[in-house]
Amino acid sequence: DAGVTQSPTHLIKTRGQHVTLRCSPISGHKSVSWYQQVLGQGPQFIFQYYEKEERGRGNFPDRFSARQFPNYSSELNVNALLLGDSALYLCASSLFGSTTDTQYFGPGTRLTVL
Amino acid sequence: GENVEQHPSTLSVQEGDSAVIKCTYSDSASNYFPWYKQELGKGPQLIIDIRSNVGEKKDQRIAVTLNKTAKHFSLHITETQPEDSAVYFCAARTMEYGNKLVFGAGTILRVKS
């Protein structure tokens, strides 16, 4: 079975640009979460979606937005990129997104902002 | 909100020895505690998890213990092998909006052969 897939693998943008990252969850999983991992740190929660609705939002500015599609795939959008947005962006999927659901992570998208 | 502290930040062991990584959490309502292994250039891989109604869980060379009273949990790896070398993260699932995972800062484990 395929795990969580993310695209693109790597991305280089300049300050002020916009970026869209994509995620496909494990087949049968209905919840997707997004995390940002800065080099040398643990992942930080950005969003959780379940059945196309936002179920959680971390402490990130409004430049970050996301959505989930009817097939449960998801997009993370970041506007007006800053140098500090350079990070590994991770997508995790789980069955229902409940409190004890296991989250499985994808390989991530490495975003570099110049 | 939840805060997770992880120690040590780096750990070097000889092949065959045991490795122990410890985490503490602040929110007594947290009820799910996974451990992830992350290799260079890859996403975190779940290696073991424990729920708050259980005190200990084992899976071959890996075990996790949970002390809810003290709000700490630990990862134990026995008979370490060079392929165990990676960064290990503990995490706690909060009951806050979104049921997010809050991660520790990570432990770099080096197994010397």
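Throughout what follows, the structure given in this document is the object of discussion. Just so it is clear, the structure is predicted and the values come from calculations on it, not from any experiment.

### Focus on the sheet that holds strand E1 (residues 4–7) of chain B
Residue and element names in this part refer to chain B.
Then, in step 1: One open sheet accounts for five strands, arranged E1-E3-E8-E7-E6; its pairing is antiparallel. Each having just a single partner strand, E1 and strand E6 (56–59) make up the two edges of the open sheet. Strand-to-strand twist in this sheet, taken as the mean axis angle between neighbours without regard to direction, amounts to 15°.
Then, in step 2: Where strand E7 (residues 62–67) lies against strand E8 (residues 72–77), six bridges are found, and the strand directions are antiparallel. Opposite isoleucine 62, over in E8, you have isoleucine 77 as the bridge partner.

### What to know about the sheet that holds strand E1 (residues 5–7) of chain A
To summarise the sheet geometry, strands pair through backbone hydrogen bonds and adopt either a parallel or an antiparallel arrangement.
Residues and elements named next belong to chain A.
Then, in step 1: With antiparallel pairing, the four strands of this open sheet are ordered in space as E1-E3-E8-E7. What marks the edges here is a single partner per strand, and that holds for E1 and strand E7 (64–68). Along the sheet, successive strands turn relative to each other by an average axial angle of 15°, direction set aside.
Then, in step 2: One ladder, built from five bridges, connects E7 with strand E8 (residues 74–78); its direction is antiparallel. Within E8, the residue paired with arginine 67 across the bridge is glutamate 75.

The rules behind these values
Once a new chain begins, its residue numbering starts again from 1 and follows that chain's sequence as written. Ligands are numbered from 1 and chains lettered from A, in the order in which they are written. Side-chain atom pairs in this predicted model are given and counted only at pLDDT of 80 or more, local residue features only at pLDDT of at least 70, and totals for whole chains, interfaces and linings cover all residues. Hydrogen atoms and water are omitted, and side-chain values are computed over all heavy atoms in the structure. By definition, two strands form a pair when at least two bridges between them are found by DSSP. Secondary structure follows DSSP: runs of H or I at least 4 residues long count as helices, runs of E at least 2 residues long count as strands, and numbering of each begins at the N terminus. To obtain an axis, a line is fitted to C-alpha atoms, over the contacting stretch when the element is a helix, and the angle between two such axes runs from 0 to 180 degrees between their N-to-C directions.

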